[in-house]
Structures are given as C-alpha cells and as structure tokens.
Amino acid sequence: MKLLPLIFAFVFCSLSAQKALPLDTLKLKEAKDLFADDYGNLYIYKNKDFSLTKYDSLGKQIGKMMLTVPFKIQGVQNPLSVPLFSENAQELKFVDQNLNEIQRIDFKQKFAFIKIAYAEDLQQIWLLDESSKRLIQYNFRNDTTINSYPFDASFDDLMDLLVYENKVYILTRKHFRIYSLKFEKLIEIPIEDGKRFRRENESILIITNNSILKYIPEKGLVKIFEDPDAQIVDKNTLAYFEIKANNLYLYNLEKIKQAKQESEPEPGNTEKPVQKTPEQTGESADKSLEKVQDKFIKDQSVEKPADTMLKKLLEETAEVQNVGI
C-alpha cells in the first residue's frame, strides 16, 4: 500500500508539468512550424500564406512578416538575429526581435544552386551547392569563400544541415547522417519524420513531427520527448512545447525532472524492509516503478495462500457441523 502515494505523486508531478498557454486556437490553426526562444516568445510559421508571427508568453503579437515564397527558419536561439533561407528565392534573410529584415544575402549571382544554408554565426554560413556538389564555407560579411569541399551526397528529401566541430550533420525525413569534411560517412541512423536540427552547446537535437531526439555518440539517438498526438513540438532551454488539437502546451523541464527523481529509488539505498511478504522475496532493490506497479495490481487479483487455507478450514468446519446435526 505504500506504493500508492508514490504512484500518485509521480502522476501528479507529471500532470503539473503540463501547462496550457493562452494562445487563441485560430492563431495556431494551419501552423506549419513552432519555435520558442529562451525568453518565452513563440514564433508561428504558416505555409499557407508564408507568414511568420511572433507572440509573447501571454499571446500578445509582437511582430509579423509576410513572405512571397516559402522560407525555412533555422532557429530562434538568437532572437536578435533570426536566419531564414529560401531555396526558391536563393537568398538568406536575417530578421530582428520585431521580425524586421536587417540583412539579405543573394546567392544567385555568386553560386549555382544552393540547396540549403546553415548560418554558423553572424559572419559565416555553410552552403550545400547542388549543382557543383560542394559544401561551401562562406563569409558573407566580406563576400569571400573560406573553404570548399567536394560533397557528392544525395540531396533528395533533404531537411536540414548543421556543421559543428569539423563534422557535417545531414537530416532527411527518414535518416540522420554524420559526415567528415572529407565526405566520409561516419554515422547513419533511420528516423521518422525528421524536420530540423537544434544545437544546445555540445548537444545535437533532432526535431520531428511529434518527438525530440538527442544524439549521444555512445548510444545513438535517444528520445527525450514524445507525444504521438502532437501536431508540432519544439523546446527551449526551460521547457518542451507542443501544439495538440490546435492548443499550445508547455512542459516544464524542472518539474519533469523532479517527477522522475521522485519516481526512482535513491541510488545505493539497499536497506531491506523489516517485514517482507513471500511475493517480494528475491526481488531486486532497483526494480523500476512500472514493474512494481504492475506487480502491485497483479497481487490484488491473486488469491493469497493464507486466504486459501482459511477458506478451506471454514469449509471443513461447516462439514463437521452438518455431520453433527
């Protein structure tokens, strides 16, 4: 019975980590993508009218820009300079915190056909040139090509590009790949519905339609958030976000962490209980909460040996009484 408070506490903490945000469902309808910066501001991109709208955490509109062709938003981790790339227009835009354009880079005059661009910082961008099959490191501040590497990879179904510590990360809808700058394939892992990368310091994250994966070299891809019913998911450094049934929800990372810690036994705690039932004998001390909960439920539906003996004794007593009568 002592398990029940623990189970209820875990469920309560998990539910309390979820919070509905005050954003009108009409604003979320037909959203193609969602972004959240570390200040709690939200960015909604709609492919229907090629619009990007920014809201604060209370749902108040901060800025909006209407685009004439589709653009891919790289990320909003620096809300003062948000990069947007258009394969159709062959250009890269930077917009400020109010979504006003502050710089535009035109690739048509200098390169053949850029499939995708990754802005590494406020000076350099990496370009995948589909025509020349090259990966180009370009300084747009002084309009110079720093490096150019042969890169004859497949450009079909390409979703995103990231370059970090001399490694090239390629994301398609169905695969996650890592290459060296010499075009040596180092890693290939199948995924479902890949959308874009997010880099947090040394961590590489993959955003899909309804999940967030983290690349750990020793383990591969580890799922850190998932909701099969979500339409769109994203995260900042403090929370996970999701759009589900045209409503926006926030999951506080700190509360999720607390709930997880409360549901797990303390490491190194091997103290045995004073009394143990026969069913508990031999169970490992580090048994998961899920297994313990299943066993608890199962035990309630299984007749105990003591109950069986008592039932048999009552039946025999009744037979003796009948004979005596």
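Residues numbered from 1 in each chain as written. Predicted model: local features only at pLDDT ≥ 70, side-chain atom pairs only at ≥ 80, totals over all residues. Heavy atoms only, no water.

**Topic: the environment of Ile 191**
- Structurally, Ile 191 is set in the loop between strand E17 (185–190) and strand E18 (194–200).
- C-alpha of Ile 191 to C-alpha of Leu 213: the two residues are 22 residues apart in sequence and 9.6 Å apart in space.
- Each residue touching Ile 191, except ones within four places of it in the same chain, is listed here: Leu 171, Thr 172, Arg 173, Lys 174, His 175, Phe 176, Ile 206, Leu 213 and Leu 221. (Helix = DSSP H or I, 4+ residues; strand = E, 2+ residues; numbered from the N terminus. Contact = heavy atoms within 4.5 Å.)

**Let's talk about unusual backbone geometry**
- Unusually for a residue other than glycine, Gln 90 sits at a positive phi of about 55°.
- Within the fold, Gln 90 resides in the loop between strand E7 (82–86) and strand E8 (91–95).
- Gln 90 sits in the buried class, given a relative accessible area of 6%.
- The phi torsion at Glu 165 lies on the positive side, around 50°, for a residue other than glycine.
- You can see Glu 165 is positioned in the loop between strand E14 (158–164) and strand E15 (167–172).
- Here Glu 165 falls in the exposed class, since its relative accessible area comes to 58%. (Buried < 20%, exposed > 50% of the residue type's maximum accessible area, 1.4 Å probe, protein only.)

**Side note on the packing of aromatic side chains**
- Under the definition given, this model contains 14 aromatic pairs.
- Arranged with centres 5.2 Å apart and planes meeting at 70°, the rings of Phe 151 and Tyr 179 form a pair that is edge-to-face. Placement of Phe 151 in the loop between strand E13 (144–150) and E14 and of Tyr 179 in strand E16 (residues 175–180) is noted, with a sequence separation of 28 residues between them.
- Clustering of aromatic rings is evident, with ring pairs tying together Phe 85, Phe 107, Phe 111 and Tyr 138. (Phe/Tyr/Trp six-rings, centres within 6.5 Å; stacked < 30°, edge-to-face > 60°.)

**Here's the deal with the pairing of E17**
- Across five bridges, E16 lies against E17 in antiparallel orientation. Directly across from Phe 176, in E17, lies its bridge partner Ile 189.
- The loop that links E16 with its antiparallel partner E17 comprises four residues; one of these, Phe 183, has a positive phi angle of about 65°. (Pairing = 2+ DSSP bridges.)

**Details of the nonpolar core**
- Counting 30 residues, the largest nonpolar core has Leu 128, Leu 135, Leu 161, Val 168 and Phe 176 as the members making the most contacts within it.
- Where this core is concerned, the elements lending two or more residues are strand E10 (114–119), strand E11 (124–129), E14, E15, E16, strand E19 (203–208) and strand E20 (211–216).
- With 15 residues, the next largest nonpolar core counts Ala 31, Ala 36, Ile 44 and Leu 250 among its residues. (Core = buried A, V, L, I, M, F, W, Y, C linked by side-chain atoms within 4.5 Å.)

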